[in-house]
Amino acid sequence: MRKFFDKIFGGLKMSWLTVIIMAVALGIWTALMAMLVPDGNSFHDIVVTPEWWVLPAIIIIVNCKKPLDAALKVFVFFLISQPLVYLIQVPFNSMGWGLFGYYPYWFKITLATLPAGFIGWYMKKDKWYSGVILSFMTVLLVYTGVGYISHWGENFPNHLISVIYCFGIIPVFIFGLFKKWQPQVVTAIITVAVMMVCAFIVKPFGRSKFETYNNTFVSENGITLVGEPFVSTWSADSATGNVEIVSELDGVYMFKLEGEHGANYYFEITDEAGNEYGFTYSWDDGSQSVVVKRAE
């Protein structure tokens, strides 16, 4: 087993060709999951959240010979794979090029991989600080896994495979990447501490949150917005919610809607001509999605 870990986490030849092939392969796979697998399924999670991308990112980083090499290669990996996910879907999706309204979220992650890849390379040093660096990834996995579990009261067994992955891959990273006990202990302590905090806080002290993107509800209601619109959001029961415009393509606006399960929200869109349009939105347990309706 040790030889296997040494091969995967440091013994592979990570050429530029390998990085590009990985990026294209995962981009195609993710696009297929987006088109063929419904939301709420673990295989669809790679489309929406970053936890499944942690493993290939770490493999690329620790198989590079220098920090700058790791930073550039993991950056290019995301720079190719993420736009490819949307590009493949364009001909088959009613949103068309509007799908790229989802890309700003992943582009921010892509930019973050430059410093993350450079710093992450020092996991190879097998020092105590290597454990601190790895902890950023294990904490992400714990937070995501606990978040999925917190929804199980409403939709079990949605995301079951993702939960198993999130918690199962952590010891693989700890004992696969490191041979010395110092970074192993550091990563384990930080990860368990965050896990305990999440377990006690995420579920009992707040509703489950949601975040979704939509660019169709305006046109579906026969509305044409004039100029640059402005959005105002209210909650019916003081729950945290927000609606904002994140992108625009040929007069079609992509809206980001955030809120909490069990809450009802109202928002108004005001365009430059002074036209006001009211909408409500809330999480629907039946469809496992956010429903937006024109306010009466």
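Given the structure is predicted, the values throughout are model-derived calculations rather than measurements. (Residues numbered from 1 in each chain as written. Predicted model: local features only at pLDDT ≥ 70, side-chain atom pairs only at ≥ 80, totals over all residues. Heavy atoms only, no water.)

Colleague: Requested: an account of the sheet that holds strand β4 (residues 252–260), with residues and values cited.
Modeller: Read across the sheet, 3 strands follow the order β1-β4-β3 without closing on themselves; strand pairing throughout is antiparallel. The two strands at the open ends of the sheet, each matched to only one other strand, are β1 (209–214) and β3 (242–249). The sheet shows a mean angle of 15° between the axes of neighbouring strands, taken without regard to direction. Where β3 meets β4, 7 bridges bridge the pair, whose relative direction is antiparallel. Bridging across to β4, S247 finds its partner in M254. (Pairing = 2+ DSSP bridges. Helix = DSSP H or I, 4+ residues; strand = E, 2+ residues; numbered from the N terminus. Axes fitted to C-alpha atoms, helices over the stretch in contact; angles between N-to-C directions.)

Colleague: Just give me the short version of a positive patch on the surface, but keep the residues and values in it.
Modeller: A grouping of K124, K125, K127 and K180 is seen on the molecular surface, where their side chains present a positively charged patch. With respect to the secondary-structure elements, K124 resides in the loop between α6 (103–120) and α7 (128–149). Its relative accessible area of 35% is what places K124 among the partly exposed residues. (Patch = residues over 30% accessible without salt bridge, like charges linked within 9 Å, V, L, I, M, F, W, Y side chains within 5 Å. Areas by Shrake-Rupley, 256 points an atom, 1.4 Å probe, with all protein chains shown as cover. Salt bridge = Lys/Arg side-chain N within 4 Å of Asp/Glu carboxyl O. Lys, Arg positive; Asp, Glu negative; His and termini not counted. Charge placed at Lys NZ, Arg CZ, Asp CG, Glu CD. Buried < 20%, exposed > 50% of the residue type's maximum accessible area, 1.4 Å probe, protein only.)

Colleague: Describe unusual backbone geometry, listing the residues and the values that go with them.
Modeller: With a phi angle near 60°, D126 is a residue other than glycine that sits in the positive phi range. You can see D126 is positioned in the loop between α6 and α7. Positive phi, normally seen in glycine, also occurs at H159, with a value near 65°. Relative to the assigned elements, H159 resides in the loop between α8 (152–155) and α9 (160–177). Judged by relative accessible area, which is 10%, H159 ranks as buried.

Colleague: Provide a residue-level description of the pattern of salt bridges, including the pertinent values.
Modeller: In total, this model carries 5 salt bridges according to the counting rule given. Residues D6 and K179 are paired through a salt bridge, measuring 3.8 Å at the closest nitrogen-oxygen approach. Of the two residues, D6 is situated in helix α1 (residues 2–8) and K179 in the loop between α9 and α10 (181–201); the sequence distance between them amounts to 173 residues. Its salt-bridge partner being K256, residue E258 comes within 3.8 Å of it at the nearest N-O pair. Connected through salt bridges with shared partners, the residues R2, D6 and K179 form a single ionic network.

Colleague: So, the packing of α7 against α9: which residues are in play, and what are the values?
Modeller: The interhelical angle for the contact between α7 and α9, taken along N-to-C directions, is 160°, at an axis separation of 8 Å. Between α7 and α9, the angle is such that the two are roughly antiparallel. Relative to α9, α7 is oriented so that their crossing is left-handed. Here α7 contributes L134, T138, L141, V142, T144, G145, V146, Y148 and I149 to the contact with α9, which in turn contributes S162, V163, Y165, C166, F167, I169, I170, F173, I174 and L177. Here the residues of the contact of α7 with α9 are counted per class, giving 15 nonpolar, 4 polar and no charged. (Parallel < 35°, antiparallel > 145°, perpendicular 65-115°, else oblique. Left-handed = near helix turned anticlockwise from the far one by under 90°. Contact = heavy atoms within 4.5 Å. Nonpolar A, V, L, I, M, F, W, Y, C, P; charged D, E, K, R; others polar.)

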